[in-house]
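Reading the structure
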Amino acid sequence: MISEKDLLASDIHFDPPLYTKRVTKHRAYLIPPTGCILKGRFKGITLHRKMDKGLGLRTLAIDVPSILLYDNRPEYEIKEFPIKDLTKDTLRERIRAAYDDELRRIRETSGGRY
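Residues numbered from 1 in each chain as written. Predicted model: local features only at pLDDT ≥ 70, side-chain atom pairs only at ≥ 80, totals over all residues. Heavy atoms only, no water.

A count of helical and extended segments in the protein chain gives two helices and seven strands. Listing every helix and strand of the protein chain by position from the N terminus yields α-β-β-β-β-β-β-β-α. Taken over the C-alpha atoms alone, the protein chain extends approximately 45 × 35 × 25 Å along its principal axes. Among the 114 residues that make up the protein chain, the fraction classed as buried is 32%. Within the protein chain, contacts between residues separated by at least 24 positions form 47% of all contacts whose residues are at least 6 apart in sequence. Accessible area of the protein chain: about 7,600 Å², with a carbon and sulfur share of 51%. (Helix = DSSP H or I, 4+ residues; strand = E, 2+ residues; numbered from the N terminus. Buried < 20%, exposed > 50% of the residue type's maximum accessible area, 1.4 Å probe, protein only. Contact = heavy atoms within 4.5 Å. Areas by Shrake-Rupley, 256 points an atom, 1.4 Å probe, with all protein chains shown as cover.)

Moving on: the side chain of His26. Looking at the element boundaries, His26 is found in strand E2 (residues 25-31). A polar atom in the side chain of His26 sits 2.9 Å from the backbone oxygen of Pro16. Discounting chain neighbours no more than four positions away, the residues touching His26 are Asp15, Pro16, Pro17, Leu18, Thr20, Ile45, Thr46 and Leu47. (Polar contact = N/O pair within 3.5 Å; in protein donor to acceptor, adjacent residues only side chain to side chain.)

With that settled, consider the nonpolar core. Nonpolar side chains in soluble globular proteins tend to end up buried together. Among the nonpolar cores identified, the biggest contains 24 residues, and Leu7, Phe14, Leu30, Leu38, Leu47 and Ile95 are the most heavily contacted of them. Put simply, the parts of the chain that give this core at least two residues each are strand E1 (11-15), E2, strand E4 (45-52), strand E5 (57-63), strand E6 (67-70) and helix H2 (85-110). If one sorts the elements of this core by residue count, H2 sits on top with six residues. (Core = buried A, V, L, I, M, F, W, Y, C linked by side-chain atoms within 4.5 Å.)

Rendered as structure tokens:
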């Protein structure tokens, strides 16, 4: 099991990539410095756009489950581990920042067509 410090220092990758416009749900995978890949237990860490009826706009919702598991480490006996609520909130903010950074990078490289 990795520490929360390693978990919060992990790189965030999206599947499918954010430049595919037709997809409504994206999954986020965490890759800590140890090299393992982490995902959510059942549905994964998902990003989806939902309609906010009060604002009348689509907003981004990020679902981070309370139990994460290793995706590429079959040699580990304990594959799943719970995370604290504070860690979930911090991960949610880091995923939102990574999402915004990736969208900004896509806009800059595509010439403003995104």
